[in-house]
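Spelled out, the chains give:
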Amino acid sequence: MFREQNILLKENKIKKKSNNNILSKIRGKKEYKNKRMVKILKEVNKNRFLSKNNILMITILIFLFIISILVISKLKFRKNNRNNRNNIQFSLSSEKTHDIRIAYSLNNDYAYPVIVAITSVLYNSSPENFFTFYLLLTPDVEEENIKKISGLKEKYTKCNFVFLRVGNQFNNYFKGYYHSPVVYFRLELSNLINDTNKIIYLDVDTIVHKDLFEFYNLDMGPYYYMGFPGHDLTDFEFNGTRNFINSGCMLVNLQKLREINAPALYQEFYNKYGTKKYDEYLINGLFYNKISFLPLIYGIPDLGFTNPSTENPEKFWSGFKNFTNFTVNDMEYASKNRAITHNCYEMKKWWQYDYEKLTDIGKQWLFYASKSHIFDEICQKYNQFQQQCEKLKTENK
């Protein structure tokens, strides 16, 4: 009995020990699993942290890359702007800024004079201007001369040319001593030119000395024409007024002229009054109360202020003092600060005289000829200037 009890106790101890071993193994496995799980979780968290850091670093790098591109682009833009400012020449880019429209009338004999006149405009222009030149042509103007005129774009690129042939409708109009049908072409401006509401009209015997932006942007108010006081002011009177402008240098309100169909009115006026009068009388007679004077610097004649001349400016203006607010002093000021010279009195065509007979203003005509693209041709055409041409060619080198 006692023996059996001892055996049972031993067996229970063995079972208990075995169970403890099993439990220890199970606990060990659980602890191992727990430790491995903890380790895995740590690795996962570590990887998550690294991934977040990587994303953050990549984002920062992309941001810095974008900033660097923007900075480099800005620096290049500034450098290009500096280079553009430093390299500006009178041959300008094709981008427009200030749009200025100018018209001339000519026949085949005036191709070279109009080239010189236009050259003086372009030579004295600011870089911001873009010019459109409208050339009103007689039917006889040759294609070769048209190419010579438009060839100015090779040297002065910021300009364009529009050539408009006018018919023979003015052939029977009054011409006087030195006029031709060409002088009446300006009456057709509003009919021929439809893409602008304002235009400068200049004769081919003009020289431009300054930039024309301010001139083109003068406020015309209610007026149809603005011009330099005409030399017929003292003996012209229409409907009780003596307003009279010279038609060789004008600012023209095309919009107002279109509204009233001005060409038709000119025809009616000519049939009624103008059989012995030329274009200036038609303009001043029809618009006697719709014209105004320009500042005297625009269109001032070459009257010999800078060189002795048969014209006396005081005598010239003595007849005007009762009909304008301008004085001789105003005229003298304008002659020293002239923006446009219109050679409408003394030595009307500079290119027909010997160089020694020209006034200082007249000599500028040859200077601007030297700034054109066909100076050699002009020198051959007007061979009385050969000596001065050679001198100017040397100076231009």
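Coordinates for the structure precede this section.
None of the values given here were measured: they were computed from a predicted structure. (Residues numbered from 1 in each chain as written. Predicted model: local features only at pLDDT ≥ 70, side-chain atom pairs only at ≥ 80, totals over all residues. Heavy atoms only, no water.)

*Asks:* Honestly, the pairing of strand E1 (residues 98-106) in this entry has me stumped. Any pointers?
*Replies:* Within a regular beta strand, the side chains point alternately toward one face of the sheet and then the other, so they alternate between its two faces. With seven of nine residues buried, E1 is to be regarded as a mostly interior element. Bridge count between E1 and strand E2 (residues 129-137): nine bridges; the pairing is parallel. Pairing of Tyr-104 across the sheet is with Leu-135, part of E2. Taken together, E1, helix H2 (residues 111-123) and E2 form a β-α-β motif whose crossover is right-handed. Alignment of E1 against strand E4 (residues 198-202), held across two bridges, turns out to be parallel. Bridge pairing in E4 links Ile-102 to Ile-200. (Buried < 20%, exposed > 50% of the residue type's maximum accessible area, 1.4 Å probe, protein only. Helix = DSSP H or I, 4+ residues; strand = E, 2+ residues; numbered from the N terminus. Pairing = 2+ DSSP bridges. Right-handed = clockwise from strand over helix to strand, strands pointing away.)

*Asks:* Would you explain the sheet that holds strand E3 (residues 159-165) in this entry?
*Replies:* Strand pairing in a sheet relies on backbone hydrogen bonds, with the paired strands running either antiparallel or parallel. Within the open sheet, the seven strands sit side by side as E3-E2-E1-E4-E7-E6-E8. Their pairing is mixed. Unpaired on one side and paired on the other, E3 and strand E8 (291-293) mark the two borders of the sheet. Between one strand axis and the next, the sheet turns by 25° as a mean value, whatever way the strands run. The strands that helix H8 (residues 279-286) touches are strand E6 (225-229), strand E7 (245-253) and E8; relative to E7, the one it contacts most, it runs at about 50°. (Axes fitted to C-alpha atoms, helices over the stretch in contact; angles between N-to-C directions. Contact = heavy atoms within 4.5 Å.)

*Asks:* Just to check I follow, could you spell out the packing of aromatic side chains for this structure?
*Replies:* A ring pair, where both rings are aromatic, is described by two values, the distance of the centres and the angle of the planes. Taken as a whole and assessed by the stated rule, the structure comprises 24 aromatic pairs. Pairing Tyr-110 with Trp-351 gives two aromatic rings, centres 6.2 Å apart and planes at 85°, and the pair type is edge-to-face. Placement of Tyr-110 in the loop between E1 and H2 and of Trp-351 in the loop between strand E10 (340-342) and helix H11 (360-370) is noted, with a sequence separation of 241 residues between them. When the centroid spacing of 3.9 Å and the interplanar angle of 10° are considered together, the rings of Tyr-173 and Tyr-270 count as stacked. Note that Tyr-173 is positioned in the loop between E3 and helix H4 (189-192) and Tyr-270 in helix H7 (residues 262-273), a separation of 97 residues in sequence. Looking at Tyr-173, the relative accessible area reads 8%, which means it is buried. (Phe/Tyr/Trp six-rings, centres within 6.5 Å; stacked < 30°, edge-to-face > 60°.)

*Asks:* What is the right way to read the packing of H2 against H11 from this model?
*Replies:* To describe two helices that pack against each other, one gives the angle between their axes and the distance between the axes. Put simply, H2 and H11 touch, their axes get as near as 8 Å, and they point 80° apart. Considering the angle they form, H2 stands roughly perpendicular to H11. Touching Pro-113, Val-116, Thr-119, Ser-120 and Tyr-123 of H2 are Trp-365, Phe-367, Tyr-368 and Ala-369, all from H11. Considered class by class, the residues forming the contact of H2 with H11 number seven nonpolar, two polar and no charged. (Parallel < 35°, antiparallel > 145°, perpendicular 65-115°, else oblique. Nonpolar A, V, L, I, M, F, W, Y, C, P; charged D, E, K, R; others polar.)

*Asks:* Would you mind showing me how to read the sheet that holds strand E5 (residues 206-208) here?
*Replies:* Strand order in the open sheet formed by three strands is E5-E10-E9, and the pairing between neighbours is mixed. Two strands in the sheet have a free side with no partner beyond their single neighbour: E5 and strand E9 (298-300). Across the sheet, the mean angle from the axis of one strand to that of its neighbour is 25°, orientation sign disregarded. Where E5 and E10 come together, three bridges link them in antiparallel fashion. Bridging across to E10, Ile-207 finds its partner in Thr-341.

*Asks:* Would you mind showing me how to read the pattern of salt bridges here?
*Replies:* If charged atoms from side chains of opposite charge come close, those side chains can pair. Taken as a whole, this structure holds nine salt bridges when the rule is applied. Residue Lys-148 pairs with Glu-144 through a salt bridge whose shortest N-O separation is 3.7 Å. With Lys-148 and Glu-144 both in helix H3 (residues 143-150) and four residues apart, this pair spans about one turn of that helix. Here the salt bridges share partners, and the residues they tie into one network are Asp-99, Arg-101 and Asp-195. (Salt bridge = Lys/Arg side-chain N within 4 Å of Asp/Glu carboxyl O.)

*Asks:* Just checking my understanding: could you explain helix H13 (residues 386-396) for this structure?
*Replies:* Side chains of residues three or four places apart in an α-helix project in the same direction, reflecting 3.6 residues per turn. Among the residues of H13, Gln-388, Cys-389 and Leu-392 are the ones counted as buried. The arc that holds the buried residues of H13, viewed along the axis, is 105°, so those residues lie on one side. The exposed residues of H13 that point more than 90 degrees off its buried face are Gln-387, Lys-391 and Thr-394. Those residues of H13 that are buried lie in contact with H11 and helix H12 (375-381). (Arc of directions from axis to C-beta.)

*Asks:* How should the environment of Ser-247 be read in this particular structure?
*Replies:* Secondary-structure assignment places Ser-247 in strand E7. For the pair Ser-247 and Gly-230, spaced 17 residues apart in the sequence, the C-alpha separation amounts to 7.9 Å.

*Asks:* When you look at the packing of H11 against H13 in this model, what are you seeing that I'm missing?
*Replies:* One can describe the packing of H11 onto H13 by two numbers: an axis separation of 10 Å at closest approach and a directional angle of 50°. What the angle tells us is that H11 and H13 run oblique. As H11 runs across H13, the sense of the crossing is right-handed. On the side of H11, the interface is formed by Leu-366, Phe-367 and Ser-370, while H13 contributes Gln-388, Cys-389, Leu-392 and Asn-396. Looking at side-chain class alone, the contact of H11 with H13 contains four nonpolar, three polar and no charged residues. (Left-handed = near helix turned anticlockwise from the far one by under 90°.)

*Asks:* What should I look at first to understand the side chain of Arg-338 in this one?
*Replies:* Here Arg-338 lies in the loop between helix H10 (328-336) and E10. Engagement of the side chain of Arg-338 in a polar contact is seen with the side chain of Thr-341, the distance being 2.7 Å. Contact partners of Arg-338, with chain neighbours within four places excluded, come to His-209, Lys-210, Ile-297, Ile-300, Pro-301, Asp-302 and Ile-361. (Polar contact = N/O pair within 3.5 Å; in protein donor to acceptor, adjacent residues only side chain to side chain.)

*Asks:* I would appreciate a short explanation of the nonpolar core in the present structure.
*Replies:* Generally speaking, soluble globular proteins have nonpolar side chains that are buried together. Judged by nonpolar contacts, the single largest core of 62 residues is most densely connected at Ile-102, Tyr-104, Ile-118, Phe-133 and Leu-135. It is H2 that contributes the most residues to this core, eight residues altogether. Counting residues in each nonpolar core, the second largest holds 35 residues, with Phe-185, Leu-257, Ala-262 and Tyr-270 among its members. (Core = buried A, V, L, I, M, F, W, Y, C linked by side-chain atoms within 4.5 Å.)

*Asks:* Help me understand the pairing of E2 in this model?
*Replies:* Burial of E2 is extensive: nine of the nine residues sit out of reach of the surface. Of the two faces of E2, the one lined by Asn-129, Phe-131, Phe-133, Leu-135 and Leu-137 and the one lined by Phe-130, Thr-132, Tyr-134 and Leu-136 are each fully buried. Alignment of E2 against E3, held across seven bridges, turns out to be parallel. Across the sheet, the residue bridging to Phe-131 is Cys-159, located in E3. Between the parallel elements E2 and E3, the chain passes through H3 in a crossover that is right-handed.

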